Amino acid sequence: MAQYDEAMKLCVELECGWYYALDSVITLTDTNVFKDLMYWNKSVITTQLTQPGQYWSNFWGDVNKDGFYARSEDYFEMVKRERLGLWNVAFVNNLLAVRADVIRKQKVSYSHKKYDDSNYDVGFSANARANNVFLHMVNIKQHGHLKRMENYTDTRFHNDLWQIFINPNDWKLNYIHVDYDKWVTKDRPEFAQPCPDVYHFPLLSKKFSWHIIHELESMPGDVFEGSGINNDARLQGGYENVPTVDVHFTQINFQQEWLKVLRDYVGPIQRRVYEGYSFHGSAFLSFVVKYHEQGQRKLVPHHDHSTFTTNTALNRQGVDYQGGGSYFIRQNCLVRDVEIGWTLIHP
């Protein structure tokens, strides 16, 4: 809580007009949030934020004798936005706008002798109530939402990659290509077909590409060591007919997350381009391949043991590498210049 109090002290020293606090558990979808909050000109104010599909929010309508959550009779109506307006509440956290004159009069602070650092927000609200500073929450406009944080660890650089199950909205916002939704409603003739039976569509964002590459390159040792040979202990049978220098998603505990990507985002596209077949999200081998001039430079002709295959570009052709591409022997067709995040799907 010390850093919050220090920030408010600095705000006063700089003769600021407002103090803003924004925690990392928030995803903002409207950047005008603080402008909207200042409009009300209240001593302390927040916008209503909730976890999607849950009743967990950043305000309490009431508190018990110990200063912790107590359900107010209209809490659920406000969380569900059945009652809209500006509300005087008992507790606010995660996102705050505090008028500077209230800080200068020393009517608000985070430090409280009853609460430790883990309850800094409880201490802030308790101090405000004790000094007759009203805490306001407005839920007229939706500015964003709260993320669930129980799946975050300190062992990964990009924890967001593993959040597709508990924070699906954020995962889509971060990692699905911005144009994906335009394609999921197209009919088959509208899809780009660089080769017969080979379709092309935007799947993943540039951020996904950068994050997955950085995650792999940041792992201890050489994460690609032991791959690229026929005898592969990672496989159930121990043998790979067409080996690649790769990292299996099972090695980084990303297999289930990727299967959900296939079910939720690849499946709908597959049903558009290959009518009559419906993919239900089963894939025994998903991986990232690393091609390099001093490593694996090419892949021998082969046919995957699958109903269909997807290949997604993670680098920029002509910038990060030269040449490359996918050659389809039956069609005598070479596909190059696939943009980052775009995917080829083929039988």
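Residues numbered from 1 in each chain as written. Predicted model: local features only at pLDDT ≥ 70, side-chain atom pairs only at ≥ 80, totals over all residues. Heavy atoms only, no water.

Caption draft 1: Broad picture of the state of the cysteines. Under the counting rule described, the total for this entry stands at two disulfides. A sulfur-sulfur separation of 1.6 Å characterises the disulfide bridge that pairs C11 with C16. One quick way to see it: the torsion about the S-S bond of C11 and C16 is about 75°, and its sign makes the bridge right-handed. Here C11 matches C16 in class, with each residue buried. (Disulfide = S-S within 2.5 Å. Buried < 20%, exposed > 50% of the residue type's maximum accessible area, 1.4 Å probe, protein only.)

Caption draft 2: The pairing of strand β7 (residues 86–89), seen in detail. Here β7 shows one buried face, formed by W87 and V89, and one open face, formed by L86 and N88. Bridge analysis of β7 against strand β10 (residues 135–138) gives four bridges, and the strand direction is antiparallel. The residue bridging L86 from the neighbouring strand is V138, located in β10. (Helix = DSSP H or I, 4+ residues; strand = E, 2+ residues; numbered from the N terminus. Pairing = 2+ DSSP bridges.)

Caption draft 3: Representation of the sheet that holds strand β19 (residues 342–346) in the model. Spatial ordering of the open sheet is given by β12-β13-β19-β16, a layout of four strands whose pairing is antiparallel. The sheet is open, and its two borders are formed by β12 (192–195) and β16 (309–312), each paired with just one other strand. Taking each pair of neighbouring strands and ignoring which way they run, the sheet shows an average axis angle of 30°. Sheet strands touched by helix α9 (residues 255–273): β13 (198–202), β16 and β19. Its angle to β19, the strand with the most contacts, is close to 50°. (Axes fitted to C-alpha atoms, helices over the stretch in contact; angles between N-to-C directions. Contact = heavy atoms within 4.5 Å.)

Caption draft 4: Up close: the nonpolar core. One finds W171, F208, I212, I252, F254, W258 and I345 to be the most contacted residues of the largest nonpolar core, which totals 45 residues. For this core, the secondary-structure elements that each account for two or more residues are α6 (168–175), α7 (180–183), β13, α8 (206–217), α9, β18 (333–335) and β19. In contact with I212, not counting residues within four places along its chain, are L161, F249, I252, V288 and L314. With 28 residues, the next largest nonpolar core counts C16, M78, V102 and V108 among its residues. (Core = buried A, V, L, I, M, F, W, Y, C linked by side-chain atoms within 4.5 Å.)

Caption draft 5: Examining helix α2 (residues 33–40) more closely. Of all the positions in α2, only V33, F34 and L37 are classed as buried. On an axial view of α2, the arc spanned by its buried residues comes to 90°, and they lie on one face. Of the residues in α2, the exposed ones pointing more than 90 degrees away from the buried face are K35 and Y39. Close packing links the buried residues of α2 with β1 (18–22), β2 (26–28), β3 (44–47), β9 (95–99) and β10. Trailing α2 by a residue or two, N41 shows a phi angle of about 55°, which is positive. (Arc of directions from axis to C-beta.)

Caption draft 6: Here's a closer look at a nonpolar patch on the surface. Taken together, the side chains of F284, L285 and F287 present a nonpolar region at the surface, about 350 Å² in accessible area. Inspection of the secondary structure puts F287 in strand β15 (residues 287–289). (Patch = residues over 30% accessible without salt bridge, like charges linked within 9 Å, V, L, I, M, F, W, Y side chains within 5 Å. Areas by Shrake-Rupley, 256 points an atom, 1.4 Å probe, with all protein chains shown as cover. Salt bridge = Lys/Arg side-chain N within 4 Å of Asp/Glu carboxyl O.)

Caption draft 7: Spatial organisation of the side chain of S72. Tracing the sequence through the fold places S72 in the loop between β6 (69–70) and α3 (75–79). Taking relative accessible area as the criterion, S72 reaches 11% and is therefore assigned buried.

Caption draft 8: Highlighting the packing of aromatic side chains. Inspection of every chain in the model, using the stated rule, returns 26 aromatic pairs. Centroid distance W171 to Y175: 5.1 Å. Interplanar angle 65°. Geometry classified as edge-to-face. With W171 and Y175 both in helix α6 and four residues apart, the pair spans about one turn of that helix. A relative accessible area of 0% places Y175 in the buried class. One aromatic cluster in this structure is built from Y55, F59, W60, Y69, Y75, F76 and F91. The residue whose ring lies beneath K186 is W183, and the NZ or CZ to ring-centre distance is 4.9 Å. (Phe/Tyr/Trp six-rings, centres within 6.5 Å; stacked < 30°, edge-to-face > 60°. Lys NZ or Arg CZ within 6 Å of the ring centre and 35° of its normal.)

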